[in-house]
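Residues per chain, in single letters:
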Amino acid sequence: MNGRLRNVIVPLFAMLVFLLLWEALVWVNDWPNYKMASPSDLWPAYVRYWELFLVMGWQTLWRTVVGLLLAVIVGIAIGMVMGFSRTMRDALYPLLVGFNAVPKATVVPIVALMFVGAHDFNTVLIAFMISFFPIAVSVSIGLSTLEPEYRDILRSLGASQTTIFWKIALPKTLPEFFGALKVSVTLAFIGTNLMEIVSPHGRGLGALFDSGKTNSDYPLMFAVLIALALLGIVLYYIVVGLEKIFAGWAERTPS
Amino acid sequence: MTALIEIKGVRHAYPTAAGPLPVLDGLELSVEEGGFCAVVGPSGCGKSTLTRLIAGLMRPDEGEVWLHGERVRGPRSTVGMAFQNPVLLEWRSILKNVMLPLEIVPNGLKGEAAKERARHLLSLVGLEGFEDKRPSELSGGMRQRASLCRALVHQPEVLILDEPFGALDAFTREDLWQTMHELKAKEPFTGVLITHDLRESIFLGDQVVVLSGRPARTQYVMNIDRSAPANLEELYTTEAAERLTILRHQIEIAQGRVPEEVAS
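Conventions we followed
Residues numbered from 1 in each chain as written. Chains lettered and ligands numbered in written order. Predicted model: local features only at pLDDT ≥ 70, side-chain atom pairs only at ≥ 80, totals over all residues. Heavy atoms only, no water. Helix = DSSP H or I, 4+ residues; strand = E, 2+ residues; numbered from the N terminus. Buried < 20%, exposed > 50% of the residue type's maximum accessible area, 1.4 Å probe, protein only. Contact = heavy atoms within 4.5 Å. Areas by Shrake-Rupley, 256 points an atom, 1.4 Å probe, with all protein chains shown as cover. Lys, Arg positive; Asp, Glu negative; His and termini not counted. Charge placed at Lys NZ, Arg CZ, Asp CG, Glu CD. Expected span 1.5 Å × (residues − 1). Bend = angle between axes of the 7 residues up to and from the residue. Polar contact = N/O pair within 3.5 Å; in protein donor to acceptor, adjacent residues only side chain to side chain. Pairing = 2+ DSSP bridges. Axes fitted to C-alpha atoms, helices over the stretch in contact; angles between N-to-C directions. Parallel < 35°, antiparallel > 145°, perpendicular 65-115°, else oblique. Left-handed = near helix turned anticlockwise from the far one by under 90°. Nonpolar A, V, L, I, M, F, W, Y, C, P; charged D, E, K, R; others polar.

Colleague: Mind laying out the overall build of chain A, listing which residues take part and the relevant values?
Modeller: Scanning chain A for helices and strands turns up 9 helices and 0 strands. Helices and strands appear in chain A in the N-to-C order α-α-α-α-α-α-α-α-α. Seen through its principal axes, chain A has C-alpha atoms that stretch 70 × 55 × 30 Å. Per-residue burial for chain A yields a buried fraction of 42% across its 255 residues. Within chain A, residue pairs in contact and separated by at least 24 positions form 72% of the contacts whose partners lie at least 6 positions apart. Element-wise, carbon and sulfur atoms account for 72% of the exposed surface of chain A, whose accessible area totals about 14100 Å². Of note, chain A has its 17 positive side-chain charges centred 7 Å away from the centre of its 15 negative side-chain charges.

Colleague: Give a detailed account of helix 3 (residues 86–101) of chain A, specifying residues and quantitative values.
Modeller: All names here are of chain A. Helix length check: helix 3, at 16 residues, gives a terminal C-alpha distance of 22 Å against a target of 22 Å (1.5 Å per residue), a fit within 8%. Of all the bends in helix 3, the largest measures some 35° and sits at Leu92, one to four residues before the proline Pro94. The residue sitting at the N-terminus of helix 3 and contributing the capping side-chain oxygen is Ser85; that oxygen lies 3.4 Å from the backbone nitrogen of Thr87.

Colleague: Tell me about the sheet that holds strand 5 (residues 70–71) of chain B, and please be specific about residues and values.
Modeller: All names here are of chain B. Spatially, 4 strands are ordered 2-1-4-5 in an open sheet, and the strand pairing comes out antiparallel. Both edges of this open sheet fall to strand 2 (19–32) and strand 5, since each of them pairs with a single strand only. Note: strand 4 (residues 62–67) against strand 5, 2 bridges, orientation antiparallel. Residue pairing across strands places Leu67 opposite Glu70, the latter belonging to strand 5.

Colleague: How would you explain the packing of helix 4 (residues 140–152) of chain B against helix 5 (residues 170–186) of chain B if you had to name every residue and give the values?
Modeller: Residues and elements named next belong to chain B. For the pair helix 4 and helix 5, interaxial distance at closest approach is 11 Å and the crossing angle is 20°. Comparing their axes, helix 5 and helix 4 come out roughly parallel. Judged by the sense of rotation from one axis to the other, the crossing of helix 4 with helix 5 is right-handed. Of helix 5, the residues touching helix 4 (which contributes Gly141, Gln144, Arg145, Leu148 and Leu152) are Thr172, Asp175, Leu176, Thr179, Met180 and Leu183. Partitioned by chemical class, the residues of the contact of helix 4 with helix 5 number 5 nonpolar, 4 polar and 2 charged.

Following this line, the structure appears as structure tokens:
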């Protein structure tokens, strides 16, 4: 089989199997909708609310992406500071770990109160807060573990720190960075949805989920989950694509 | 002939929690232009510190390092370095790796001329046809060859080699010794080679310097006539065996296993 085709067919087939198993599970146990909706129940929900799904999905998507971009910028900045300075690393690590350890669900109401009404801003903020940590850590580790010989090769020629960063430190850190970004993508979705679900009169798929809950429309709730999963998969593979372009060299072809 | 590298009375200590740790103490070294100095000594005696001093990556606490009649006060682009770890940039092709120094040094070759220069060097070390490969696609010996090309691409006055063949298997290593001689004939440079391998030191060096144990000083200097073309056979002659015996003995003294008075 053609390799590219295989790359598409295998995962699609796996998804199909998953859906069939899910359907079978619900049928065999004869579970009612409120216990677990089956994939065949979701279809009517999509048909009925497709417009809402598009609008809300877009809201969730753009806020997640903006939060993630912020996380990339701030994460790289913090990672650089910690990667290049031992003192800053010692100073910032406990703070960052502590910050990351605080469950974001507890931060959501605080943020919602702090910036009342600024729903977009709050959502982006939570998405950012939940997803910048892996990026900061990976960049700092990538930079601080740069073998001294790499530095020496350029330094012995009189290269500046900036040149060393652009020519060696940054590209060498890219594989770690993309590894972290893959984790952050999914985290950012969790952040966005936390805010969307918790804050009243929210927007996005989280709000749609919430309205499903209030109206006891269980298939809708499950439909939202699947829609979220799809968005997550799409974003994830966009990151994988970027990784192939910018850090494809790190991938070893099996020989 | 003038001395291109001159090291006079160098002392250096590293600060540690338990106070300063002296690594070099009264180091003297003089390498003529076009010369090749092999430095041997016990492990941890400060040989790598010596390379960093010559490269201008650090300055000694005391004493002077001179390159081409100028006191070394910082890094200078007339130096090329290669280490045991070839540290090639995985995201660049072999050709682009070799060209790296030309992007840094002032007045480095640019564009097509730079490529031409890199290709020429790669062909000298037998890496023709591997220009577009990634470092990960090459064997350890080939990577080290590419690393040598990178160290020479900007025509440095001084080539500093810090155990470049240490991680290679014996046959690859001997191949690379030959390559070094060929390179030296076609791309003249003054070399300092740090090594643990006594055979390597007498095969490549026209001067073998034995450093004492830490803190290192110059303990013994052996001069070797290099007028005849190098041939691996010469390592299996009585002359070579005698040299190795002397050096072996000096290393034992440096390691503190034989008291010096008895030895001399």
